[in-house]
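Fold and geometry: a report
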Amino acid sequence: MVNLSQTVTPSGFFLFFLKLVRLALLLYGLNFCLYQDGRWFMSIYVKGVFSSRAYMDDYSLTQDLLASWASLFHTLITGTLSYIGLIIWLRVSGKRTLSKWNSFDFVVTIALGSILASALLTKSVSLVQTMVAIVLLVGFQFILTWLSVRSSIVQTLIKAKPTLLFFKGEFIEHLIKQERVAKGEVLAAIRVRGGSNLNDIGAVVLETDGTFSVIKDLDVNEANALRDVQGFREKASLSNA
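Residues numbered from 1 in each chain as written. Predicted model: local features only at pLDDT ≥ 70, side-chain atom pairs only at ≥ 80, totals over all residues. Heavy atoms only, no water.

Structural notes on the overall build of the protein
This is how the line gets drawn: Counting from the N terminus, the helices are DSSP H or I runs at least four residues long and the strands are E runs at least two residues long. We call a residue buried when its accessible area falls under 20% of the maximum for its residue type, exposed when it is over 50%, and partly exposed in between, using a 1.4 Å probe and counting protein chains only. All accessibility values rest on the Shrake-Rupley procedure with a 1.4 Å probe; residue burial counts only the protein chains present in the view.
On a plain count of helices and strands, the protein comes out with 10 helices and seven strands. By the burial criterion, 26% of the 241 residues in the protein qualify as buried. Here the protein displays about 16,800 Å² of accessible surface, and carbon together with sulfur accounts for 64% of that area.

Structure (structure tokens):
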């Protein structure tokens, strides 16, 4: 009688399972294996497209956790100097650089954070490259904002118009769909501002930075702050008719 406990070991079951996985993946043009000739590795092969093999014994956990002294000194020195340089350039360029009044402002803010992160963690990025990138972004921001306050054409190109989404108890359906805003988001903005009854809300405006402005007391004849809001003139004229 054959004793299965002696002929089939747990490791044997494991290797047999890996062979089944490999066979299944071969049906899809993949070659995937974890153990061969006494070495553990991962190998992926897609015919005519991609081939890669990585041995497990080449992996260093210490390297991933502690890195090298050169990497640590790079993060310490270059990161510190880059941060100081960023603060100086932001101070020189003024408060407008970090404002978020349009989509370009948002892009500049995100890009500055990405540049600083690259300087902290990437050894191939030097301090000079970091400073050049920061000056480039700050310079573009300064030029566009300088032109936008002097030219209505430039302002129209880089800045979207605020949009009226809600007016005197009614949603403006076509503008809500145009701006891809859900009615629940408008209701949430009203609740955040302390509103509970839609009939008490005069208007809800989607601003150019993506925030909502909720106006409770609205007199269409004196609401000159809404003259540049898309959809307000039409609703005001209908209200006065």
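After presenting the structure, the write-up continues.
As for the pairing of strand β7 (residues 212–215)
Just so we agree on the cut-off: Only strands that DSSP links by at least two bridges are regarded as paired with each other.
Alternating residues of β7 divide into Phe212 and Val214, all buried, and Ser213 and Ile215, none buried. When strand β6 (residues 203–206) meets β7, the two strands line up antiparallel, connected through four bridges. Counted as the bridge partner of valine 204 is valine 214 from β7. Connecting β6 to the antiparallel partner β7 that follows it, the hairpin turn spans five residues, and glycine 210 within it adopts a positive phi of roughly 90 degrees.

Some words on unusual backbone geometry
Backbone geometry places lysine 168, a non-glycine residue, at a positive phi of 50 degrees. On the secondary structure map, lysine 168 appears in the loop between β4 (163–167) and β5 (170–171). The backbone of arginine 180 shows a phi angle near 55 degrees, a positive value even though the residue is not glycine. Assignment of secondary structure puts arginine 180 in the loop between α8 (173–179) and α9 (183–192). Residue arginine 180 is classed as exposed on the basis of its relative accessible area of 74%.

A closer look at the environment of valine 214
What counts, and what does not: Contacts were defined at the residue level, with two residues in contact if any of their heavy atoms lie within 4.5 Å.
Looking at the secondary structure, you find valine 214 in strand β7. Linking valine 214 and alanine 203, residues 11 residues apart in sequence, is a C-alpha distance of 6.1 Å. Those residues in contact with valine 214 that lie beyond four places of it in its chain are Ala189, Ile190, Arg193, Ile201, Ala203 and Val204.

Description of the nonpolar core
The line we're drawing: Residues enter a nonpolar core if they are buried and are Ala, Val, Leu, Ile, Met, Phe, Trp, Tyr or Cys, with the set joined through side-chain atoms within 4.5 Å.
If you look at the biggest cluster of nonpolar residues, it comprises 13 residues, and the most contacted ones within it are Leu164, Phe167, Leu218, Leu226, Val229 and Phe232. In this view, valine 229 contacts Pro162, Thr163, Leu164 and Val205; residues no more than four positions away in its chain are not counted. Formed by 12 residues, the second largest nonpolar core is a distinct cluster that contains Val186, Ala189, Ile201 and Phe212.

Details of the packing of aromatic side chains
Applicable threshold: Stacked, tilted and edge-to-face pairs are distinguished by plane angle, under 30 degrees for stacked and over 60 for edge-to-face with tilted covering the rest, among Phe, Tyr and Trp rings (Trp via its six-membered ring) whose centres lie within 6.5 Å.
This model, assessed by the stated rule, comprises two aromatic pairs. Judged by centre distance (5.1 Å) and plane angle (75 degrees), the rings of phenylalanine 166 and phenylalanine 171 are edge-to-face. Ring centres 6.4 Å apart and planes at 70 degrees place the aromatic pair phenylalanine 167 and phenylalanine 232 in the edge-to-face group. Taken together, the positions of phenylalanine 167 in strand β4 and phenylalanine 232 in helix α10 (residues 232–240) put the pair 65 residues apart, joining distant regions of the chain. Both residues of the pair, phenylalanine 167 and phenylalanine 232, count as buried.

A look at helix α5 (residues 103–121)
Rules: By definition here, a helix of n residues has an expected span of 1.5 Å times n minus one.
Relative to the 27 Å expected for 19 residues at 1.5 Å per residue, α5 spans 27 Å between its end C-alpha atoms, a close match to the ideal helical length. Residues of α5 that are buried in the fold lie against α4 (69–93) and α6 (127–148).

Some points on the sheet that holds β6
Put simply, the rule reads: An axis is simply a line fitted to the C-alpha atoms; with a helix, the fit covers only the stretch in contact. Between two such axes, the angle follows the N-to-C directions and lies from 0 to 180 degrees.
Reading across the sheet, the four strands line up as β5-β4-β6-β7 and stay open at both edges, with antiparallel pairing between neighbours. Two strands in the sheet have a free side with no partner beyond their single neighbour: β5 and β7. Along the sheet face, α9 touches β4, β5, β6 and β7 and points at about 60 degrees away from the line of β7.

Things to note about the pattern of salt bridges
Let me state the cut-off plainly: By convention in these notes, a salt bridge is any Lys or Arg side-chain nitrogen within 4 Å of a carboxyl oxygen on Asp or Glu.
Here the structure, examined in full by the defined rule, presents one salt bridge. In this structure, the salt-bridge partner of glutamate 173 is lysine 183, at a minimum N-O distance of 2.7 Å. With glutamate 173 in helix α8 and lysine 183 in helix α9, this residue pair connects regions lying 10 residues apart in the sequence.

Quick look at the packing of α4 against α5
Heads up, the rule is: Roughly parallel here means an angle under 35 degrees, roughly antiparallel means over 145, roughly perpendicular means 65 to 115, and every remaining angle is called oblique. Note on convention: the crossing is left-handed when the near helix lies turned anticlockwise from the far helix by less than a right angle, right-handed when the turn is clockwise.
At a minimum axis distance of 8 Å, the contact between α4 and α5 shows a crossing angle of 155 degrees. Taken as axis vectors, α4 and α5 run roughly antiparallel relative to one another. In this structure, α4 crosses over α5, and the sense of that crossing is right-handed. For the pair formed by α4 and α5, the contact residues are His74, Thr75, Thr78, Gly79, Ser82, Tyr83, Leu86 and Leu90 on the first element and Leu112, Leu116, Ala119 and Leu120 on the second.

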